[in-house]
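Results of the structural survey
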Amino acid sequence: MTSIAAPVIPVAASALRRLYIVRFVFAVVWAGVMFTTASHLGPLAVTLLVLYPLFDVFAALVDARSSRATGSVLGLHVNVAVSLLTAIGVAIAGVSGIPAVLRVWGAWAIVAGVVQLIVAANRRKMGGQWPMIISGGISVLAGTSFIVTAGADGATLTNVAGYAIPGGIFFLVSALRLGRVAKEN
């Protein structure tokens, strides 16, 4: 069994590395655009807020396809479902205002963070997963803060825009670490 699984890990690591780099670039660009509209909830902000979890759906599907041979992808399928529901929830909450969006976004960050933590913990043997484990934990904390700040006077989406940057950086760090695993034969 080890002789079959060993060649699969570098291939999966290489695919994850490419995906993580794309996720880093997307997160940084998304955050930059989101910062320009974070003070109010206009059509651009709602579109961006719906786009982010939809991109997460795409990324989780690519991840599941490339990771099939390395183990269970159930967590990634859970992430797809949660992110699809979030995109719908954010679109609906956008009509009610920033506090409603922050509550939906916060709930998503918590659930997605837990899922990310579990998926990364299960992939520890592959390597390069500690940044993903840390990122999952930070996502849970950030989600909690979004829910708490939703009730504050003058709530904005600035923290949501800022939330994408550390997540993107963790994807980049993980991609760099996976580069070593991908080079193994």
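Scroll up to find the structure this text is about.
Summary of the structure given here.

Scoring rules and cut-offs
Starting afresh in each chain, residues are numbered from 1 along the sequence in its written order. Predicted model: local features are reported for residues with pLDDT of at least 70 only, side-chain atom pairs are reported and counted for 80 or more only, and whole-chain, interface and lining totals are derived from all residues. For the side-chain quantities, the full set of heavy atoms in the structure was used; hydrogens and water were omitted. Residue types Ala, Val, Leu, Ile, Met, Phe, Trp, Tyr and Cys, when buried and joined through side-chain atoms within 4.5 Å, form a set referred to as a nonpolar core. Only protein chains enter the accessibility calculation, which uses a 1.4 Å probe. A residue is then buried if its area is under 20% of the maximum for its type, exposed if over 50%, and partly exposed in between. The numbering of helices and of strands both runs from the N terminus, where a helix is a DSSP run of H or I of at least 4 residues and a strand a run of E of at least 2. By definition, residues are in contact when any of their heavy atoms lie within 4.5 Å. Between 30 and 60 degrees the pair is tilted, below 30 it is stacked and above 60 it is edge-to-face, where a pair is any two Phe, Tyr or Trp rings, Trp via its six-membered ring, whose centres lie within 6.5 Å. The patch calculation keeps residues exceeding 30% relative accessible area without a salt bridge and links them within 9 Å when they carry like charges or within 5 Å when they are nonpolar (Val, Leu, Ile, Met, Phe, Trp, Tyr). Reported accessibility uses the Shrake-Rupley method at a 1.4 Å probe radius. Residues are deemed covered only where the shown protein chains occlude them. Criterion for a salt bridge: a side-chain nitrogen of Lys or Arg within 4 Å of a carboxyl oxygen of Asp or Glu.

**Description of the nonpolar core**
- One finds Trp30, Leu49, Trp105 and Leu157 to be the most contacted residues of the largest nonpolar core, which totals 33 residues.
- Secondary structure elements with two or more residues in this core: helix 1 (2-37), helix 2 (43-67), helix 3 (74-93), helix 4 (98-122), helix 5 (130-149) and helix 6 (158-183).
- Non-local contacts of Leu157, meaning those with residues more than four positions away in its chain, are made with Met34, Ala38, His40, Leu41, Ala45, Leu49, Ile98, Val101 and Leu102.
- Among the nonpolar cores identified, the runner-up in size contains 13 residues, and Ala12, Tyr20, Ala59 and Met132 belong to it.

**Some thoughts on the packing of aromatic side chains**
- Tallied over the entire structure, the rule returns ten aromatic pairs.
- Ring geometry for Phe26 against Tyr52: centres 5.8 Å apart, planes inclined by 45°, an arrangement best described as tilted. Pair noted here: Phe26 is in helix 1 and Tyr52 is in helix 2, with a separation of 26 residues, a long-range link.
- Between Tyr52 and Trp105, the ring centres sit 5.6 Å apart and the planes meet at 55°, which makes this aromatic pair tilted. Taken as a pair, Tyr52 in helix 2 and Trp105 in helix 4 lie far apart in primary sequence, 53 residues in all.
- A residue is classified by how much of its surface remains accessible, and Tyr52, at 12% relative accessible area, is buried.
- Every member of this aromatic cluster is reached through a ring pair, and the members are Phe26, Trp30, Tyr52, Phe55, Phe58, Trp105 and Trp108.

**Some thoughts on a nonpolar patch on the surface**
- Together, Ile21, Val25, Val29, Val33 and Leu44 line one region of the surface with nonpolar side chains, adding up to about 380 Å² of accessible area.
- Per-element tally for the nonpolar patch: the top contributor is helix 1, with four residues.
- Note that Val33 resides in helix 1.
- Overall, the relative accessible area of 33% leaves Val33 in the partly exposed class.

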